[in-house]
Amino acid sequence: MNTIIIIPALNPDEKLISYVKSLIQAGEKQILIIDDGSSDDCRFIFDFLEEKEECIVLRHAINMGKGRALKDAFNYCLTNLSQTASGVITVDSDGQHSVEDVLRMKEALTEYTDSLILGARNFSQENVPPKSAFGNKMTRVVIRLLYGGNIADTQTGLRAMSYQVLPAFLTLFGERFEYETGMLIEALQKKIPIKEIEIKTIYYAENKGTHFRPVSDSWKIYKLIFGTFFKYAFSSFSSSIIDLGSFQLFSYLLKGTNLSVQVWMATILARIISSLYNYCVNRNIVFKQDCKGNNTFLKYYILCVCQMCTSAALVYLFVRVIGLPRLFIKVIVDMLLFFVSFRIQKNGCSEEINDVVYKNTHSTCCIYGVHSVA
Ligand SMILES: Nc1nc2c(ncn2[C@@H]2O[C@H](COP(=O)(O)OP(=O)(O)O)[C@@H](O)[C@H]2O)c(=O)[nH]1
Ligand SMILES: [Mg+2]
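All values derive from a computational prediction rather than experimental measurement.

Here's the deal with the overall build of the protein
Secondary structure assignment for the protein yields 12 helices and 7 strands. The proportion of buried residues among the 374 residues of the protein is 50%. Sequence-distant contacts in the protein: of pairs separated by 6 or more residues, those separated by 24 or more amount to 79%.

Here's what the structure looks like:
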């Protein structure tokens, strides 16, 4: 696969020139370098690279952050370099990624065209500065707990992806290092497979030249990780409360009718209200982008109706047979249904439905998932 090498750079040193030269020697023909508002001292490096026919230099007038630089580069590739390549590899400018590893990523990309491929470092090695090892291990655990997936190197800058998956990352939130964390969360949420290739773990001078600001960049990364999760949790929890509250209200209003009418009508009306609320919240707040309108709406409701009917039927049955308070039974039934639907989604009933369920995941599960929180 023909690939573009993308190198985001902020105040690089001369090593960048020899690094780019060795990439060219290794056969790379398209290298996109982003000068992200680097100081005037570095200008000669970018001017030199710009002269090379294999290189394109994009410049930011001021420093806008690695995330912004990557998004601009991805967009440039998709809009201007769509004829000449079909994938990209992002590489750091400070020589932390060996040319051999870049080539291995390229090879992997020919096989995993539907995946986000990560060049994973080994943080147990001796040359890894303790701060970097700790930060990475901690982020790995938190992402695993909140989103699943077991990603060995969550902060790697060596990443490869085909044009097929690239658009998913274009509009993500984050201007600095947190953008790269957002890419991982997006891949996990959208079920874009993540493949890791072990690479050499290179650190120079205890990583003293890093642009990573431990407090403010870590804060941004964790705000993103928890923010996305809590938005989802809030959406699920509040939908659940609305569902149960409406169920109780409609049961009360339908008091004069027989049990079957009460349970079915209350379930349906409550679900209409709570699912509309949930769909809107997820569409506008939780998963701001990538909702393909009616299509997701329709599929969302097909799933919703199936779960709703099962819920009403089971609540009716258990109220009749066991005679416990119906709200209590509804909580238990919806909780069980959540786990069942979750398992079905995990095993993958139909790929398409799965995809939709995943995009709305939490929305579809929400109404049920919620109850596990409630
Ligand atoms: N475009 C751009 N690149 C950046 C910025 N900060 C860091 N980088 C690049 O991102 C890569 C990794 O940054 P680095 O400071 O080495 O972080 P570390 O390797 O995680 O310690 C390098 O290629 C940097 O040049 C930035 O603000 N803008
Ligand atoms: Mg570095």
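Considering a nonpolar patch on the surface
Residues Leu 317, Phe 318, Val 321, Ile 322, Leu 324, Phe 328, Ile 332 and Leu 336 make up a contiguous nonpolar surface patch of about 740 Å² in total accessible area. Of all the elements in the fold, those that place two or more residues in the nonpolar patch are α9 (294-321) and α10 (326-347). Its place among the elements puts Leu 317 in helix α9. Looking at Leu 317, the relative accessible area reads 44%, which means it is partly exposed.

Some remarks on the site of ligand 1
Neighbouring residues of ligand 1: 17 residues in total, closest Asp 36, Ser 93, Gln 96, Thr 210 and His 211. Contact between ligand 1 and Asp 94: an oxygen atom at 2.7 Å from a side-chain N or O atom of the residue. Interatomic distance of 2.7 Å between a side-chain N/O atom of Gln 96 and an oxygen atom of ligand 1. Taken by itself ligand 1 offers 570 Å² of open surface, and the protein chains cover 94% of this. Of all the secondary-structure elements, those providing two or more residues to the shell around ligand 1 are β1 (3-9) and α3 (66-80). Classifying every residue of the shell around ligand 1 by side-chain character gives 5 nonpolar, 7 polar and 5 charged.

Things to note about the packing of aromatic side chains
Enumeration according to the criterion identifies 5 aromatic pairs in this entry. On the basis of an interplanar angle of 20° and a centroid distance of 6.1 Å, the ring pair of Phe 226 and Phe 230 is categorised as stacked. Pair noted here: Phe 226 and Phe 230 are both in helix α7 (residues 214-253), with a separation of 4 residues, about one helical turn. Owing to a relative accessible area of 32%, Phe 226 belongs among the partly exposed residues under this scheme. The residue whose ring lies beneath Lys 15 is Tyr 204, and the NZ or CZ to ring-centre distance is 4.4 Å. When the ring centre of Phe 247 is taken as origin, the NZ or CZ atom of Lys 330, which lies over that ring, is 4.9 Å away.

A closer look at the coordination of the magnesium ion (ligand 2)
Within the protein, the atoms that donate to the magnesium ion (ligand 2) are Asp 94 (OD) and Gln 96 (OE1), at distances of 2.0 Å. Note on Gln 96: relative accessible area 8%, which makes it buried.

Re the sheet that holds strand β4 (residues 87-90)
Spatial ordering of the open sheet is given by β3-β2-β1-β4-β6-β5-β7, a layout of 7 strands whose pairing is mixed. Two strands close off the open sheet at either side, each with one partner strand: β3 (55-60) and β7 (194-198). Strand-to-strand twist in this sheet, taken as the mean axis angle between neighbours without regard to direction, amounts to 20°. Strand contacts of helix α1 (residues 15-25): β1, β2 (31-36) and β3, with the helix running at about 175° to β1, the strand carrying the most contacts.

As for the side chain of Thr 90
As for its placement among the helices and strands, Thr 90 is situated in strand β4. On the basis of relative accessibility, which here comes to 3%, the residue Thr 90 falls in the buried class. A polar contact of 2.8 Å, which involves the side chain of Thr 90, links it to the backbone oxygen of Gly 157. Not counting residues up to four positions away in its chain, the partners in contact with Thr 90 are Ile 6, Leu 70, Phe 74, Gly 157, Leu 158 and Arg 159.

Focus on the pairing of β4
Side chains Gly 87 and Ile 89 project from β4 onto one buried face, and the interleaved Val 88 and Thr 90 project onto a second face that is buried too. With 4 bridges connecting them, β1 and β4 associate as parallel partners. Within β4, the position partnered with Ile 4 by the bridge is Val 88.

Quick look at unusual backbone geometry
Glycine aside, the phi torsion of most residues is negative, and most peptide linkages are trans. Positive phi, close to 45°, is recorded for Asn 11, a residue that is not glycine. Following the sequence through the fold, Asn 11 ends up in the loop between β1 and α1. Note on Asn 11: relative accessible area 36%, which makes it partly exposed. One non-glycine residue, Lys 191, adopts positive backbone phi at about 60°.

Things to note about the UniProt feature "transmembrane region" (unreviewed entry) in the protein
Per the UniProt annotation, the sites labelled "transmembrane region" (unreviewed entry) are residues 262-280 and 300-321. In this annotation, residues 262-280 is assigned 100% helix and 0% strand; the end-to-end C-alpha distance for the span is 27 Å.

Quick look at the packing of α1 against helix α2 (residues 43-51)
Running from N to C, α1 and α2 point in directions that differ by 20°, and their axes come no closer than 9 Å. In this view, α1 runs roughly parallel relative to α2, as classed from their interaxial angle. The crossing of α1 and α2 is right-handed. Contacts between α1 and α2 pair Leu 16, Ile 17, Val 20 and Lys 21 from the former with Ile 45, Phe 48 and Leu 49 from the latter. Residue composition of the contact of α1 with α2, grouped by class: 6 nonpolar, no polar and 1 charged.

Definitions and limits used
- Residues numbered from 1 in each chain as written.
- Chains lettered and ligands numbered in written order.
- Predicted model: local features only at pLDDT ≥ 70, side-chain atom pairs only at ≥ 80, totals over all residues.
- Heavy atoms only, no water.
- Helix = DSSP H or I, 4+ residues; strand = E, 2+ residues; numbered from the N terminus.
- Buried < 20%, exposed > 50% of the residue type's maximum accessible area, 1.4 Å probe, protein only.
- Contact = heavy atoms within 4.5 Å.
- Patch = residues over 30% accessible without salt bridge, like charges linked within 9 Å, V, L, I, M, F, W, Y side chains within 5 Å.
- Areas by Shrake-Rupley, 256 points an atom, 1.4 Å probe, with all protein chains shown as cover.
- Salt bridge = Lys/Arg side-chain N within 4 Å of Asp/Glu carboxyl O.
- Near = heavy atom within 4 Å.
- Polar contact = N/O pair within 3.5 Å; in protein donor to acceptor, adjacent residues only side chain to side chain.
- Nonpolar A, V, L, I, M, F, W, Y, C, P; charged D, E, K, R; others polar.
- Phe/Tyr/Trp six-rings, centres within 6.5 Å; stacked < 30°, edge-to-face > 60°.
- Lys NZ or Arg CZ within 6 Å of the ring centre and 35° of its normal.
- Donors = N, O, S within 2.8 Å, 3.2 Å for Na, K, Ca; no water.
- Pairing = 2+ DSSP bridges.
- Axes fitted to C-alpha atoms, helices over the stretch in contact; angles between N-to-C directions.
- UniProt positions renumbered as here; feature names shortened; annotations may be inferred.
- Parallel < 35°, antiparallel > 145°, perpendicular 65-115°, else oblique.
- Left-handed = near helix turned anticlockwise from the far one by under 90°.

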